[in-house]
Each structure stands twice: as C-alpha cells, then as structure tokens.
Amino acid sequence: MNYSIASFIVLSFILCALVIVAYLIYRCNAKRIFVNKQLQQSEDKVQQQNEFLTKVLDSLTHPFYVIDAKDYTIKIMNLAAKKLGVTEDTKCHSFFHASDAPCGSTEHLCPLEEIMRTKQSVIVEHIHRDKAGSALNIEVHGFPLFDKAGNIVQMIAYSQDITERKKAEEKIKLSLKEKEILLGEIHHRVKNNLQVIYSLLSIQSKYVKTRRYSDIFKDCQNQIMSMALVHENLYQAENLTNINLYDYMKNLTRVLLQSYGVNSSKIKKARIIFVIA
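Cut-offs used in this document
- Residues numbered from 1 in each chain as written.
- Predicted model: local features only at pLDDT ≥ 70, side-chain atom pairs only at ≥ 80, totals over all residues.
- Heavy atoms only, no water.
- Buried < 20%, exposed > 50% of the residue type's maximum accessible area, 1.4 Å probe, protein only.
- Helix = DSSP H or I, 4+ residues; strand = E, 2+ residues; numbered from the N terminus.
- Pairing = 2+ DSSP bridges.
- Salt bridge = Lys/Arg side-chain N within 4 Å of Asp/Glu carboxyl O.
- Axes fitted to C-alpha atoms, helices over the stretch in contact; angles between N-to-C directions.
- Contact = heavy atoms within 4.5 Å.
- Core = buried A, V, L, I, M, F, W, Y, C linked by side-chain atoms within 4.5 Å.
- Phe/Tyr/Trp six-rings, centres within 6.5 Å; stacked < 30°, edge-to-face > 60°.
- Lys NZ or Arg CZ within 6 Å of the ring centre and 35° of its normal.
- Parallel < 35°, antiparallel > 145°, perpendicular 65-115°, else oblique.
- Left-handed = near helix turned anticlockwise from the far one by under 90°.
- Nonpolar A, V, L, I, M, F, W, Y, C, P; charged D, E, K, R; others polar.
- Patch = residues over 30% accessible without salt bridge, like charges linked within 9 Å, V, L, I, M, F, W, Y side chains within 5 Å.
- Areas by Shrake-Rupley, 256 points an atom, 1.4 Å probe, with all protein chains shown as cover.
- Arc of directions from axis to C-beta.

(A) Main features of the pairing of strand E3 (residues 122–129). Side chains of E3 alternate between two faces, with Val-122, Val-124, His-126 and His-128 buried and Ile-123, Glu-125, Ile-127 and Arg-129 left unburied. Two strands pair when backbone bridges link them, and E3 and strand E4 (residues 135–146) are joined in this way by 8 bridges, in the antiparallel orientation. Each residue of the ladder has a partner; that of His-128, found in E4, is Leu-136.

(B) Focus on the pattern of salt bridges. Counted according to the given criterion, the structure contains 10 salt bridges. Linking Arg-189 and Glu-185 is a salt bridge whose minimum nitrogen-to-oxygen distance equals 3.0 Å. Placement of the pair is Arg-189 and Glu-185 together in helix H5 (residues 163–205), with a separation of 4 residues, close to one helical turn. Judged by its relative accessible area of 54%, Arg-189 falls in the exposed class. Residue Glu-185 is classed as partly exposed on the basis of its relative accessible area, which comes to 38%.

(C) The arrangement of the sheet that holds strand E2 (residues 74–77) in detail. Reading across from one edge, E2-E1-E5-E4-E3 is the order of the 5 strands in this open sheet, with antiparallel pairing throughout. In this open sheet, the two strands that pair with only one neighbour each are E2 and E3. Across the sheet, the mean angle from the axis of one strand to that of its neighbour is 30°, orientation sign disregarded. With respect to the sheet, helix H4 (residues 111–118) is in contact with strand E1 (64–68), E3, E4 and strand E5 (152–161), its orientation differing from that of E3 by roughly 160°. Of the strands in this sheet, E3, E4 and E5 touch H5, which is tilted by about 125° from E4.

(D) Quick look at the nonpolar core. Counting residues in hydrophobic clusters, the biggest one holds 21 residues, and the most contacted among them are Tyr-65, Ile-67, Ile-74 and Leu-112. Secondary structure elements with two or more residues in this core: E1, E2, helix H3 (92–97), H4, E3, E4 and E5. In terms of residue count, the dominant contributor to this core is E5 (3 residues). The contacts of Leu-112, once residues within four sequence positions are left out, are Ile-67, Asp-68, Ala-69, Tyr-72 and Met-155.

(E) Just the packing of aromatic side chains, in detail. Within this structure, the stated rule accounts for 2 aromatic pairs. Note on Tyr-65 and Phe-96: the rings are 5.5 Å apart at their centroids and 35° apart in plane angle, and the pair reads as tilted. With Tyr-65 in strand E1 and Phe-96 in helix H3, this pair connects stretches of sequence that are 31 residues apart. Neither residue differs from the other here; Tyr-65 and Phe-96 are each classed as buried. Ring geometry for Phe-143 versus Tyr-158: centroids 6.3 Å apart, planes at 15°, classification stacked. Note that Phe-143 is positioned in strand E4 and Tyr-158 in strand E5, a separation of 15 residues in sequence. Classification of Phe-143 as partly exposed rests on a relative accessible area of 35%. Taking the ring centre of Tyr-213 as reference, the NZ or CZ of Arg-212 above it sits at 5.4 Å.

(F) Structural view of the packing of H5 against helix H6 (residues 211–236). It is at 10 Å that the axes of H5 and H6 come closest, and there the two elements cross at 165°. Relative to H6, the element H5 lies roughly antiparallel. As H5 runs across H6, the sense of the crossing is left-handed. Residues Leu-183, Gly-184, His-187, Val-190, Lys-191, Leu-194, Ile-197, Tyr-198, Leu-201, Ser-202, Gln-204 and Ser-205 of H5 lie in contact with H6, whose contacting residues are Phe-217, Cys-220, Gln-221, Ile-224, Met-225, Met-227, Ala-228, His-231, Glu-232 and Tyr-235. For the contact of H5 with H6, the class distribution of residues is 13 nonpolar, 7 polar and 2 charged.

(G) Fine view of a nonpolar patch on the surface. Side chains of Val-10, Leu-11, Ile-14, Leu-15 and Leu-18 sit close together on the surface and give an oily, nonpolar patch of about 480 Å² of accessible area. Secondary-structure assignment places Leu-18 in helix H1 (residues 2–59).

(H) The arrangement of H4 in detail. Those residues of H4 that fall on the buried side of the exposure criterion are Pro-111, Leu-112, Glu-114 and Ile-115. All buried residues of H4 fall inside an arc of 160° around its axis, so they share one side. Looking at the buried side of H4, the elements it contacts are E1, E3, E4 and E5. One or two steps after H4, the chain reaches Lys-119, where phi turns positive at roughly 60°.

The following block contains the structure:
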C-alpha cells in the first residue's frame, strides 16, 4: 500500500514536471513565432522602404549617387547614373575624368574635398565625358553624410547637364557684345553728326552781322551741345535708363559759360536741389 502511494506521488511529480516542461516549450515556441513574425514584418517594411527609395531615386532624371569619403568609390547610384555606365565601387574621378587622382584644380574643384574642408553642401561645375567621349558641362551638387561622431563618411551627389545652358549663355554674351559694338558705332555717328552741325552753325554765324541773328545761331549751337552732352552721358553711364543730372548740369553750365565768354570766377555759386516727384 505504501509502495503504491509512493509510486503515485512520483508519477504525479513526473507528470507535473512534464506539464511544466510542455508549457515552457509552448511558451518558447509561441514567443519564437511572435519574434520571427515581428522580425519578418520589420524586414518586409525595410524591404518596402528600400524599394520605395529605389523607385524615387530611379524616377529622378538626373544622375544620383553616393560616394564613399575614404576612397572616392561610388556605393549607390540611380537608374540615370547607370545609363551613363556608372557601376558600383567605381572611383568617381576614374569614371568622370578618366584620372587616377581626384580632381583638384581651381577650375574643377573636387566636391568631396570641398565638403570635407567646409563640412557644408557645395555646388561646382565640371567638365565630364559621356560614353562617346564628348565633353559635357555638368553642375554637381554635393551634400555631406555624417556619422554619430560628426565625421563625414559619405557624400550624396547629383549632377545636372548644363551644356545647353552654357551654350545659351555664350550666345547671350556674344549678342551683348555685338550690341555694345553697334551701340558704340551709333554713338560715334551721332556724335560726329552733331559736331558737323555745330561746326556748320559756327562757320555760318561768322557771316551774320546783326546781333539778333548771331544770338539765334549761338542758341542753336548751345541746344545742339546740350543734346550732345545728354547723349555722351547716356553712352558713358552704366544704366541707360537715367543719367547723373548733377554731372550733366555741371558740364552744361561750363559749356554755356565758355560759349558766352563769361568768367566763371565771377559767378556766385549756388546749391541746386532737384526734387523728382
């Protein structure tokens, strides 16, 4: 009887232990399943974010890439960059400039070196080569990526082809130069014509005997001289929409005094204030 009770107690303890072990195994499996499910959801979310980011980058029409700050290798690029032939772990200066060393001339500043120096975003202009070897004017925008310690580890860069813009700028500069030459030619012709008219009036005035007609000729000469001064000031001014009225009045007064033979030292100086409404 005592043996049966002892056996029953032992069996009860064994069953309890088995139940506890089974429960612990169940809890561990449930927790593992939950953790795996959470992990899978996190991985799926990261994958979705990566796919979304890739789609966003590939939708950009300009080449976009991430460059390692230590060895200048391209780590990430979008579809537009791949179409140019850019591949991962290619050094940026090797691909874009066919050079074994980073660009560093004053005309072609290295955006990565400028970012390392200033720790700020930069915009530089470069001459890149396409697959056919043709030169392209490129505007490179660079942005630094920092680690937790504040050190620059990578550079985000995207480039814009500004070749057509450069050509348009050159055309505008050439057109402005042509207009400057044309304006100078017009100025000289107008100046010469006014001088001829002034000289003719001066010659003709010598044959006039009466004071009245002589004053009329002199007034005409002075009016022509005033027009010539306006034209001269407009030509010499940086802004053709207006002239320096003070300089114009000063020169005009000097010419008029010389024309009438007046001694300027006898003229009382006055301050003239021009009010423009």
